[in-house]
Amino acid sequence: MAELLVEGCNRLKGEVTVQGAKNSALPILAATVATADESVLYNCPRLSDVDSAVKILRYLGCSATFSGHSLVVDTKGLCCDHIPDALMRQMRSSIVFLGAILTRLKTAKLTFPGGCELGARPIDLHLDALSRMGATISEKHGEIVCAAPKGLVGANIALAFPSVGATENIIIAATRAKGTTVITNAAREPEIEDLCAYLNSCGASIRGAGEGTVVIDGTDKLHGTAHTIIPDRIVAATLMSAAAVTGSDITLRGVISSHLSAVIPVFEEAGCDIRIKDGDLTINAPGRLRAFSTVRTTPYPGFPTDAQAPLMAVATLAQGTTVFVENIFENRYKHASELVRLGAKVRTEGKVAVVEGVRELYSSSLQGSDLRGCACLAVASLAAQGKTTIDTTGYLERGYENFDVVLRNLGANIKMI
Ligand code: UD1
């Protein structure tokens, strides 16, 4: 059991460099399989989800070696076309290996992926797209068997929803398919642009990354490269939330502020002063926060669903009422009932949460039940009077590198045991 101990009400001060993005690192690690070569990934975050991806790569016959935050991956030795259930269940992103294995070996077998329980998380868009690209897909006893004996072929794929994972799976698969693939209603998240930057640097031909239409011309061969992972915009939003609830003044280094364009105005509306200069973002929070306009989570460039939970911690202490509408996942308010234990006033109904700000939170014993929900509880606890314990059952390590150390260095009284 991993437990976070927080003694609240310390003000934070200082600078912190934001870690590399989990949601970039994971699809890029899957994409290395398509290259059949060696790549070096810089600024790769040390997270349990990244370790899970490394375990999958090794199981498949590839090598992966960390040195600090640099990860050298060599996928020449790929010799296995299946991922065992135990590895598939460790995270949702394991499904993105499907397109990569299939495009390289022409067969792939895996089971349904795991990940945080945020409601139903189907993979129909991934499978439909790969079958449009010529794969036959059958499912038996929970195992998905895919085959494209003559190789994948380019196709026009109109996504019913701009799924991040499905867009990534299709892009990776299409880099080595015969002909051209056009994805319409593609996801536009910065992590997809980062994946495409990596693949283009490996010799792929991808146009429109970060736009709604992505065009991929398949090629016979890719090669390895060196690539630096972008900073994690959700970690940045979490640290900004920590500063906001504690009335603090901190600087985040190495931020790409355009990736936070839907998030920054919310903090400003709450009364925080934000200054951006050369990749540094300084946030200076007021003594009392103000409630902000309705936060509606939508695909990028809208407000990110992953930042909903940390921002809810901010709303609990803001003067006035804030409404959240969660449009991406159906069950993403598990942190709400735990916030109530800290004295917050939060009601949820379906996709809506209503938060009436209170003046003070007090300590409690909390149970986290997903990655961003744990981050929300930790942020709220930083502002709560007294000692709070949060059972994080390993969720935080999936997406935050040394969560407690980072905040301790900023002056928080927080410890993971
Ligand atoms: C990725 C992110 C996750 C983020 C999410 C939305 C990674 C590793 N994870 O997850 O942090 O919260 O994007 O920004 O990058 N859907 C279907 N069928 C499918 C695929 C998805 O119905 O085949 C639905 C999902 O159930 C969900 C919505 O589409 O309701 C969004 O999912 P998707 O964009 O695919 O998220 P992930 O790639 O799983």
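Here, the structure is the one placed above.
Definitions and cut-offs
- Residues numbered from 1 in each chain as written.
- Predicted model: local features only at pLDDT ≥ 70, side-chain atom pairs only at ≥ 80, totals over all residues.
- Heavy atoms only, no water.
- Core = buried A, V, L, I, M, F, W, Y, C linked by side-chain atoms within 4.5 Å.
- Buried < 20%, exposed > 50% of the residue type's maximum accessible area, 1.4 Å probe, protein only.
- Helix = DSSP H or I, 4+ residues; strand = E, 2+ residues; numbered from the N terminus.
- Contact = heavy atoms within 4.5 Å.
- Phe/Tyr/Trp six-rings, centres within 6.5 Å; stacked < 30°, edge-to-face > 60°.
- Lys NZ or Arg CZ within 6 Å of the ring centre and 35° of its normal.
- Near = heavy atom within 4 Å.
- Polar contact = N/O pair within 3.5 Å; in protein donor to acceptor, adjacent residues only side chain to side chain.
- Areas by Shrake-Rupley, 256 points an atom, 1.4 Å probe, with all protein chains shown as cover.
- Nonpolar A, V, L, I, M, F, W, Y, C, P; charged D, E, K, R; others polar.
- Pairing = 2+ DSSP bridges.
- Salt bridge = Lys/Arg side-chain N within 4 Å of Asp/Glu carboxyl O.
- Axes fitted to C-alpha atoms, helices over the stretch in contact; angles between N-to-C directions.
- Parallel < 35°, antiparallel > 145°, perpendicular 65-115°, else oblique.
- Left-handed = near helix turned anticlockwise from the far one by under 90°.
- Right-handed = clockwise from strand over helix to strand, strands pointing away.

1. Focus on the nonpolar core
- Residues Leu60, Ile83, Phe97, Met133, Ile171, Ile172 and Leu199 are the most contacted members of the largest nonpolar core, which totals 74 residues.
- A total of eight residues in this core trace back to one element, the largest contributor, which is helix H1 (residues 22-35).
- With residues up to four places along the chain from it excluded, the contact list for Phe97 reads Leu29, Ala30, Val33, Ala53, Ile56, Leu57, Leu60 and Ile83.
- Ranked by size, the runner-up nonpolar core spans 73 residues in total, among them Ala236, Ala237, Ala242 and Phe403.

2. Brief notes about the environment of Ala242
- By the secondary structure assignment, Ala242 is in helix H8 (residues 233-245).
- Judged by its relative accessible area of 2%, Ala242 falls in the buried class.
- Each C-alpha atom of the pair Ala242 and Thr282 lies 13 Å from the other, and the pair is 40 residues apart in sequence.
- The residues touching Ala242, leaving out its near neighbours within four places in the chain, are Leu12, Val379, Leu382 and Leu407.

3. Section: the packing of aromatic side chains
- In total, this model carries two aromatic pairs according to the counting rule given.
- Pairing Phe292 with Phe324 gives two aromatic rings, centres 6.3 Å apart and planes at 85°, and the pair type is edge-to-face. You can see Phe292 sitting in the loop between strand E17 (289-290) and strand E18 (295-296) and its partner Phe324 sitting in strand E20 (residues 321-325), a full 32 residues away along the chain. Across this residue pair, the class does not change: Phe292 and Phe324 are buried.
- Here the aromatic rings of Tyr400 and Phe403 are separated by 5.2 Å at their centres, their planes lie at 80°, and the arrangement is edge-to-face. In this structure, Tyr400 and Phe403 share a single accessibility class: buried.
- In this structure, Arg46 is placed above the aromatic ring of Phe66, and the distance from its NZ or CZ to the ring centre is 3.7 Å.

4. Remarks on the site of the ligand
- What surrounds the ligand is a group of 19 residues, the closest being Asp124, Ser163, Val164, Asp306 and Ile328.
- One nitrogen or oxygen atom from the side chain of Arg92 is found 3.0 Å from an oxygen atom belonging to the ligand.
- At 2.8 Å from an oxygen atom of the ligand is found a main-chain nitrogen or oxygen belonging to Gly165.
- When the free accessible area of the ligand is taken as 740 Å², the share hidden by the protein chains comes to 86%.
- At the level of elements, helix H5 (124-132) and helix H6 (164-175) are the ones that each hand at least two residues to the shell around the ligand.
- Residue classes in the shell around the ligand are distributed as eight nonpolar, six polar and five charged.

5. Structural notes on the pairing of strand E16 (residues 280-284)
- Counting buried positions along E16 yields four of five residues, so the element is predominantly enclosed.
- Alignment of strand E14 (residues 249-253) against E16, held across five bridges, turns out to be antiparallel. Following the sheet pairing, Asp249 is matched in E16 by Asn284.
- Looking at chain direction, strand E15 (residues 273-277) and E16 are connected through five bridges and run antiparallel.

6. Examining the pattern of salt bridges
- Counted according to the given criterion, the structure contains 16 salt bridges.
- Where Arg341 meets Glu338, a salt bridge forms, and the shortest distance between an N and an O atom there is 3.7 Å. Note that Arg341 and Glu338 are positioned in helix H11 (residues 334-341) at a spacing of three residues, about one turn of the helix.
- Linked by salt bridges that have partners in common, Glu15, Arg253 and Asp280 make up one network.

7. Some remarks on the packing of H8 against helix H12 (residues 371-382)
- Interaxial distance between H8 and H12 falls to 8 Å at its minimum, and their mutual angle equals 20°. What the angle tells us is that H8 and H12 run roughly parallel. Pair H8 / H12 crosses with right-handed handedness. Side by side, H8 and H12 meet where Ile234, Thr238, Ser241, Ala242 and Val245 of the first sit next to Arg372, Ala375, Val379 and Leu382 of the second.

8. A few points about the side chain of Glu338
- Looking at Glu338, the relative accessible area reads 11%, which means it is buried.
- Not counting residues up to four positions away in its chain, the partners in contact with Glu338 are Ser365, Leu366, Gln367 and Leu377.

9. Section: the pairing of strand E10 (residues 180-184)
- Only one face of E10 is buried, namely the one carrying Thr181 and Ile183, since none of Thr180, Val182 and Thr184 on the opposite face is buried.
- Of the pairings in the sheet, the one linking strand E9 (residues 156-158) to E10 comprises three bridges and is parallel in character. In the strand pairing of E10, Ala158 is matched with Thr184.
- Read as a crossover between parallel neighbours, the route from E9 over H6 to E10 is right-handed.
- Pairing geometry for E10 and strand E12 (residues 214-217), over four bridges, is antiparallel. The partner of Ile183 across the bridge, within E12, is Val214.

This is a description of form; function is not addressed.
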